[in-house]
Amino acid sequence: CNTTFASASNLNVHRRVHTGERPFKCLRCPKTFPVGGALTKHMRTHTGAKPFTCQTCQRCFSDLSNLNRHKRVHTGEKPYQCMYCEMKLRTSSALKSHLRTHTGERPYPCNYEGCDKKFSLSGDLATHKRTHTGEKPHKCTTCEKRFSDHSALVRHTRLHTGEKPYACTICQKTFAQSGSLSRHLLTHSGEKPFGCDQCEKKYADKVSLKRHILLHEVNPPELVELASPAVLPAPVSPPAVKPQPGV
């Protein structure tokens, strides 16, 4: 491949890329490695050793590269720039995942029969598979309700704690979920992004739009028009009841 090296030992190690030679074998599992350093790192998955410590938060890691990535949480460093937008990411893997939001790539297909869904993240695929298996590994420690993904558990937990971490910057009202805050902000902006494709009506949220669409499905033009309070007949008061003599 014409790659050059400063020493014969480095050249010998590189040749294993072409030959596939992996002379370093794990004594606890069948895995093999081309270099001794890779075997040393792998052995920590068996021993649980984490010799690299963050001096800021004392969190420990099994290899130096993971520690270096973690340090960016404290420094705020984001060295990986998206080529399509201005977003910067802390890790190359995070950048790779982000790029799929631009390219539309979904390399993780569901392998269950009859399901053709694909996902951009392996974690999203793992969560989706639980809709087939019924598995709910995330358990609430307060009420023992179970969930298929961790984020759903986090949202549920706020019902118990009362935590509302999403605050409106206009009126300071707080919400337990980001989606609730997004819907609330529309009350300030007056924006109605959800339009009916059968008429000109627009709504601030999907729920109101769905209720409106049902009117078209039940009795298209007549019932939709009657849904307006302006054209509903005024309520009729019941006749007054005269008291009977001697009662």
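Structural notes, computed from the coordinates. Please read all numbers here as calculations on a predicted model, not as lab measurements.

### Some details on the overall build of the chain
Secondary structure summary: the chain contains nine helices and 14 strands in total. Within the chain, the proportion of its 247 residues that are buried is 18%.

### Focus: the pattern of salt bridges
Tallied over the full model, the rule gives four salt bridges. Here Arg100 makes a salt bridge to Glu105, at a shortest N to O gap of 3.8 Å. With its nearest N and O atoms 3.9 Å apart, the salt bridge here joins Glu163 to Arg158. Residue classification places Glu163 among the partly exposed positions, given a relative accessible area of 42%. Classification of Arg158 by relative accessible area gives buried; the value is 13%.

### A short note on the side chain of His184
With respect to the helices, strands and loops of the structure, His184 is situated in helix H7 (residues 178–189). The class for His184 is buried, based on a relative accessible area of 12%. Excluding anything up to four places from it in sequence, His184 contacts Cys168, Cys171, Lys173 and Phe175.

### Here we look at helix H5 (residues 122–133)
Its 12 residues place the ends of H5 17 Å apart at the C-alpha level, agreeing with the 16 Å of an ideal helix rising 1.5 Å per residue. Along H5, the residues that are buried comprise Leu125, His128 and Arg130. Summarising the contacts, the buried residues of H5 are in contact with strand S7 (108–109), strand S8 (118–119) and strand S9 (138–139). Once H5 finishes, Gly134 follows within two positions and takes phi at roughly 80 degrees, a positive value.

### Here we look at helix H3 (residues 64–75)
In this model, H3 (12 residues) spans 17 Å end to end at C-alpha, consistent with the 16 Å of a helix rising 1.5 Å per residue. Of the residues making up H3, those classed as buried are Leu67, His70 and Arg72.

### Quick word on the environment of His102
Mapped onto the fold, His102 is located in helix H4 (residues 92–103). On the accessibility criterion, His102 (35% relative accessible area) is partly exposed. With 17 residues separating them along the chain, His102 and Cys85 place their C-alpha atoms 9.0 Å apart. Excluding residues that lie within four positions of it along the chain, His102 makes contacts with Cys82, Tyr84 and Cys85. There is a polar contact of 3.2 Å between the side chain of His102 and the side chain of His98.

### Re the environment of Cys140
Residue placement: Cys140 occurs in the loop between S9 and strand S10 (146–147). C-alpha separation for the pair Cys140 and Leu153, spaced 13 residues apart in sequence, amounts to 6.7 Å. Leaving out residues up to four positions away in the same chain, Cys140 has contacts with Lys145, Leu153, His156 and His160.

### Description of unusual backbone geometry
Only a minority of non-glycine residues have a phi that is not negative, and only a minority of peptide bonds are not trans. Even without a glycine there, the phi angle at Glu144 is positive, about 65 degrees. Along the chain, the position of Glu144 falls in the loop between S9 and S10. Phi angles above zero are rare outside glycine, and Gln172 is one such case at about 65 degrees. With respect to the helices, strands and loops of the structure, Gln172 is situated in the loop between strand S11 (166–167) and strand S12 (174–175). Classification of Gln172 by relative accessible area gives exposed; the value is 54%.

### Some remarks on the state of the cysteines
Should the sulfur atoms of two cysteines be covalently bonded, the bond is a disulfide. Under the definition given, this model contains zero disulfides. As a non-bridged cysteine, Cys85 has Cys82 as the owner of its nearest cysteine sulfur, 3.7 Å distant. Looking at Cys85, the relative accessible area reads 28%, which means it is partly exposed. Not engaged in a disulfide, the cysteine Cys115 finds its nearest cysteine sulfur in Cys110; these two sulfurs lie 3.7 Å apart.

Rules and cut-offs
- Residues numbered from 1 in each chain as written.
- Predicted model: local features only at pLDDT ≥ 70, side-chain atom pairs only at ≥ 80, totals over all residues.
- Heavy atoms only, no water.
- Helix = DSSP H or I, 4+ residues; strand = E, 2+ residues; numbered from the N terminus.
- Buried < 20%, exposed > 50% of the residue type's maximum accessible area, 1.4 Å probe, protein only.
- Salt bridge = Lys/Arg side-chain N within 4 Å of Asp/Glu carboxyl O.
- Contact = heavy atoms within 4.5 Å.
- Expected span 1.5 Å × (residues − 1).
- Polar contact = N/O pair within 3.5 Å; in protein donor to acceptor, adjacent residues only side chain to side chain.
- Disulfide = S-S within 2.5 Å.

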